[in-house]
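This is what each chain is made of:
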Amino acid sequence: MNLLRALYQKEMIDGLRDRRSLFSSFFFPFLAPLFIYGLMTLMIEQNTKKETIELPVIGGEYAPALIQHLLENGIEVTAFSDDPEQAIRDKSVDLVLEIPADYQASMAAFELTRVGMIHDGSRNDTRATVSRVRQLIRSYSSELNALRLISRGISPRLIQGVQPKNEDIASEEQRAANILSYIPIYVLMAAFVCGLGLAIDTTAGERERRSLEPLLINPVPRLKLIFGKWLAASTLSAVGMVITLILCLWTMLALPLDELGFRFSLAKSQIPLLVLAILPVPLLACSLQLLLGLFAKSFKDAQSYIGILVILPVVPGLVLQFYPVTTSLWMYLVPILGQSLMIKELLGAEPVAFAAYFLSFASTVATSLGICLIAARLLDQERVIQG
Amino acid sequence: MIEVSGLRKSFAEVTALKGVSFSAQNAKVTGLLGPNGAGKSTSLRILYGLLKPDTGWAKIDGLDVSLERLKAQARLGVLPDGHGLYARLTAREHMAFFGRLHGISPDVLEQRSDELIRMLDMQTIADRRTEGFSQGERMKVCLARALIHSPDNIVLDEPTNGLDVMTTRKVRELINELRQLGLCVLFSSHIMHEVSRLCDEIVIIAEGQVVAQGVPDAIRESAGEENLEDAFVILSERAARL
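Along every chain, residues carry numbers that run from 1 in the direction the sequence is written. Here the convention is simple: chains get letters from A, ligands get numbers from 1, in the order in which they are written. Reporting in this predicted model follows two pLDDT cut-offs: at least 70 for local features of residues, and 80 or more for side-chain atom pairs to be given and counted; totals over whole chains, interfaces and linings ignore these cut-offs and use all residues.

## Digging into the interface of chain B and chain A
By definition, residues are in contact whenever their C-beta atoms, placed on the basis of the backbone, come within 7 Å of each other. Counting residues at the interface gives 24 residues for chain B and 20 residues for chain A. Helix and strand assignments follow DSSP, with helices taken as H or I runs no shorter than four residues and strands as E runs no shorter than two, numbered in order from the N terminus. Elements represented by at least two residues in the side of chain B that touches chain A include exactly helix H2 (69-74) and helix H3 (91-101) of chain B. Looking at the side of chain B that touches chain A, the element that brings in the most residues is H3(B), giving 4 residues. Each residue gets one of three labels, nonpolar for Ala, Val, Leu, Ile, Met, Phe, Trp, Tyr, Cys and Pro, charged for Asp, Glu, Lys and Arg, and polar for the others, Gly among them. Across the side of chain B that touches chain A, the residue classes tally to 13 nonpolar, 7 polar and 4 charged.

Here's what the structure looks like:
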């Protein structure tokens with residue numbers, strides 16, 4: 001125990017004095033919430049912008065009733081006389097409505113009357129405007145149809161057919177949790193970023209500065225050497241991860257999310273549960289980093305291997321976002337995936353089974369210990385010293 | 001006391017050791033002499049438990065290094081081939097860390113650190129971080145690190161390599177002091193006059209084999225040469241022809 005404490009303390013002192021690497025590691029926990037804040041503010045702004053759609057119309061005088069319908073629904077109609085295609089290409093207008101000169105005649109003859117909607121389908125920012133105007137024209141058309149039927153003594157209900165009815169069963173918290181699905185990604189990534197500097201320095205760095213050989217000639221079991229390095233790196237990683245979590249939550253609480261139709265509330269009792277759920281992740285992250293650090297041929301090699309590892313926490317997050325599967329208990333046994341699920345559920349105010357905590361904790365810690373054992377075996381191999 | 005017997009070791013296609021046996025007694029300085037690549041470092045690395053021999057054994061005070069690595073390592077102080085230090089730790093922190101790895105209690109550790117700082121003239125550098133230390137200063141920290149647990153057996157791998165005259169003299173003085181304390185000192189070198197001046201016993205290694213062993217006079221005799229350096233060259237060449 002004394003031996004382990006000596007190893008741990010030395011690694012911690014060494015790691016904490018490495019200011020440069022410490023700063024670059026802990027840049028991430030402070031950057032992530034800032035990023036969230038910016039992104040969410042932008043989203044809220046876009047969603048709550050009072051939608052006064054300005055619609056340039058060519059030949060509006062031919063269809064006064066349609067124009068009236070648009071005006072009643074909050075569209076600001078302006079007369080337009082330039083080349084519509086050119087104007088859209090210049091991005092000076094989003095959409096131009098073109099009413100043909102024979103509009104009245106065509107209507108009177110009960111022919112199919114077309115009005116032109118000229119827009120650029122490759123632009124994402126105008127899509128909402130286009131669909132809004134299209135929908136208004138459709139609703140005008142169905143009103144007109146109904147009137148035509150009534151005037152002939154037919155009930156408009158005859159042509160009603162089938163219509164979808166919207167029923168969203170997601171609670172406001174759940175919808176928010178979907179939006180929040182990148183919080184687990186950030187938090188888990190922090191675990192992989194914050195201990196990285198120490199993990200590389202104490203493995204590949206140790207060998208490169210030729211201090212590994214003097215270390216290995218001391219009467220210390222290899223596994224204890226690994227444990228000392230592992231726990232020190234994990235400490236930094238855990239601190240960074242918890243800072244990221246707290247700052248991300250604090251950011252979410254500070255944002256006016258209700259304007260998006262989401263509710264994000266956080267009970268104080270949830271924070272310890274969140275921390276408990278993710279606590280084994282630094283152990284896993286650092287054990288992998290140590291193993292790769294020992295395996296790598298050089299410091300640079302180690303940096304690139306371990307850099308790739310940072311992507312790992314993104315994988316379950318992405319999978320969950322694009323391929324929403326029903327959660328079953330075995331998923332908690334998969335390290336990283338289990339923790340991603342639990343963060344999502346806890347933030348969405350869904351109940352998390354005790355078994356989930358137990359399974360994810362046990363499997364992640366066991367995996368980490370297994371990786372440490374492999375690392376200790378690697379340290380026993382002559383290859384490690386020979387380089 | 002250090003003994004190795006019948007050490008053989010191959011790396012991939014290179015046979016580094018072809019059966020090396022020698023011993024180093026207490027209260028004596030034993031020099032391991034040989035040209036670069038002769039197998040000195042490989043032998044020493046097996047001795048301090050970093051490499052495993054293909055066959056043969058190495059014992060420290062009768063403890064087989066392969067079988068009882070931790071016990072054997074506890075009785076050994078080593079200045080290894082790698083002189084790496086932790087740049088962000090001070091000289092004193094180095095001694096404390098390695099002392100604790102040997103399980104030395106804090107008060108003994110402090111006493112011993114002060115003793116070594118005096119012995120190695122480290123007063124001015126003891127509490128400075130080792131970053132930017134000169135070659136000589138680094139060597140002193142390495143020596144202090146090797147001696148912190150007062151081992152009975154000392155192995156020094158090329159201790160004077162790359163040092164200036166003053167530090168080299170200091171290291172030689174230290175080796176003499178250690179002998180007077182009754183320790184078993186084994187050091188490797190490729191510098192002839194250093195070995196001839198310091199050693200009670202010489203082991204000449206060439207091409208992965210021991211080609212001569214004994215007191216300096218006996219070695220001169222066996223080669224039929226007056227000068228130890230000539231003796232060394234003749235013995236090494238004889239080994240190369242085999």
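## Examining the domain arrangement of chain A
For chain A, the assigned domains are domain 1 (2-37 + 174-386) and domain 2 (51-159). Once you take the C-alpha centre of each, domain 1 of chain A and domain 2 of chain A turn out to be 55 Å apart. Where each domain starts and ends follows an automatic or database-derived domain assignment.

## Some thoughts on the sheet that holds strand E1 (residues 2-11) of chain B
Residue and element names in this part refer to chain B. Judged by pairing direction, the sheet is antiparallel, and its 4 strands sit side by side in the order E2-E1-E4-E5 without closing on themselves. Lying at the two open borders of the sheet, with one neighbouring strand each, are strand E2 (14-24) and strand E5 (63-64). Strands qualify as paired when DSSP identifies two bridges or more between them. Note: E1 against strand E4 (residues 55-60), 5 bridges, orientation antiparallel. Opposite Arg 8, over in E4, you have Thr 55 as the bridge partner. Geometry is summarised by axes, namely lines fitted to C-alpha atoms with helices restricted to the contacting stretch, and by angles between N-to-C directions that run from 0 to 180 degrees. Helix H1 (residues 40-47) contacts E1, E2 and E4 of the sheet and is inclined by roughly 115 degrees relative to E1.

## Quick notes on the environment of A:Ile118
Relative to the helices and strands, A:Ile118 is located in strand E4 (residues 116-119). Expressed as a C-alpha distance, the spacing of A:Ile118 and A:Arg210, which sit 92 residues apart in the sequence, is 70 Å.

## Comments concerning unusual backbone geometry
All names here are of chain B. The phi torsion at Ala 27 lies on the positive side, around 60 degrees, for a residue other than glycine. Not every positive phi belongs to a glycine, and Asp 61 is a case in point at roughly 50 degrees. For Asp 61, the position within the fold is in the loop between E4 and E5. Here a residue counts as buried when 20 or more other C-beta atoms sit within 10 Å of its C-beta, as exposed when there are 12 or fewer, and as partly exposed otherwise, the C-beta atoms being derived from the backbone. Under the C-beta neighbour-count criterion, Asp 61 is labelled partly exposed, with 17 such atoms within 10 Å.

## Thoughts on the pairing of strand E8 (residues 184-189) of chain B
Residues and elements named next belong to chain B. Counted residue by residue, E8 has 6 buried out of 6 residues, so it is predominantly covered. By the alternation rule, side chains of E8 split into Cys 184, Leu 186 and Ser 188 and Val 185, Phe 187 and Ser 189, which are all buried. Pairing of strand E3 (residues 28-33) with E8, which is carried by 6 bridges, proceeds in the parallel orientation. By the bridge assignment for E8, Lys 28 is matched with Cys 184. In terms of strand pairing, strand E7 (residues 153-157) meets E8 through 5 bridges, oriented parallel. Looking at the pairing, Asp 157 lines up with Ser 188 of E8. Each parallel crossover has a hand, and the one from E7 via helix H6 (residues 165-180) to E8 is right-handed. By the criterion used throughout, a crossover qualifies as right-handed when its path from the first strand across the helix to the second strand runs clockwise, the strands pointing away from the viewer.

## Thoughts on the domain arrangement of chain B
All names here are of chain B. As assigned here, chain B comprises domain 1 (2-75 + 153-241) and domain 2 (83-150). For domain 1 and domain 2, the distance between their C-alpha centres works out to 25 Å. Of the residues lining the interface, 8 residues belong to domain 1; the matching set on domain 2 comes to 7 residues. Ranked by the residues each element gives to the side of domain 1 that touches domain 2, the list is headed by H6, at 3 residues. Residue composition of the side of domain 1 that touches domain 2, by class: 4 nonpolar, 2 polar and 2 charged.

## Section: the pairing of strand E2 (residues 75-79) of chain A
Residue and element names in this part refer to chain A. Strand direction decides the pairing type here: strand E1 (residues 53-58) and E2, joined by 5 bridges, are parallel. Residue Pro 56 lies in a different strand from E2, and its bridge partner there is Thr 78. With helix H3 (residues 64-72) bridging E1 and the parallel E2, this β-α-β connection has right-handed handedness.

## Brief notes about the confidence of the model for chain B
On a scale of 0 to 100, pLDDT captures the predictor's confidence in every residue. In the predicted model, chain B carries a mean pLDDT of 90, and 100% of its residues have values of at least 70. The ipTM for the predicted assembly is 0.92, set against a pTM of 0.81.

## Concerning the packing of helix H16 (residues 337-347) of chain A against helix H17 (residues 354-379) of chain A
All names here are of chain A. It is at 9 Å that the axes of H16 and H17 come closest, and there the two elements cross at 150 degrees. When the axes of H16 and H17 are compared, the crossing they make is left-handed. On H17, the residues touching Gly 338, Gln 339 and Met 342 of H16 are Ala 356, Leu 359 and Ser 360. For the contact of H16 with H17, the residue count by class is 3 nonpolar, 3 polar and no charged. Crossings are sorted by hand: turned counterclockwise from the far helix by less than a right angle, the near helix makes the crossing left-handed, and turned clockwise it makes it right-handed.

## Digging into the sheet that holds E4(A)
Residue and element names in this part refer to chain A. Overall, mixed pairing links the 4 strands, which are arranged E2-E1-E3-E4 in an open sheet. Each having just a single partner strand, E2 and E4 make up the two edges of the open sheet. The mean angle between the axes of side-by-side strands here comes to 30 degrees, regardless of whether they run parallel or antiparallel. By the bridge criterion, 4 bridges tie strand E3 (residues 95-98) to E4 in an arrangement that is antiparallel. In the strand pairing of E4, Leu 97 is matched with Met 117. Against the sheet, H3 engages E1 and E2, with an angle of about 135 degrees to E2.

## Focus on the nonpolar core
By definition, a nonpolar core groups buried Ala, Val, Leu, Ile, Met, Phe, Trp, Tyr and Cys residues that are joined through C-beta atoms within 7 Å. In this structure, A:Val187, A:Ala190, A:Met241, B:Ala144 and B:Ile204 are the most contacted members of the largest nonpolar core, which totals 151 residues. Looking at this core element by element, the count peaks at 15 residues for helix H11 (residues 222-254) of chain A. Setting aside residues up to four positions removed in sequence, B:Ile204 forms contacts with B:Leu33, B:Gly34, B:Val210, B:Val211, B:Ala212, B:Ile219, B:Phe232 and B:Leu235.

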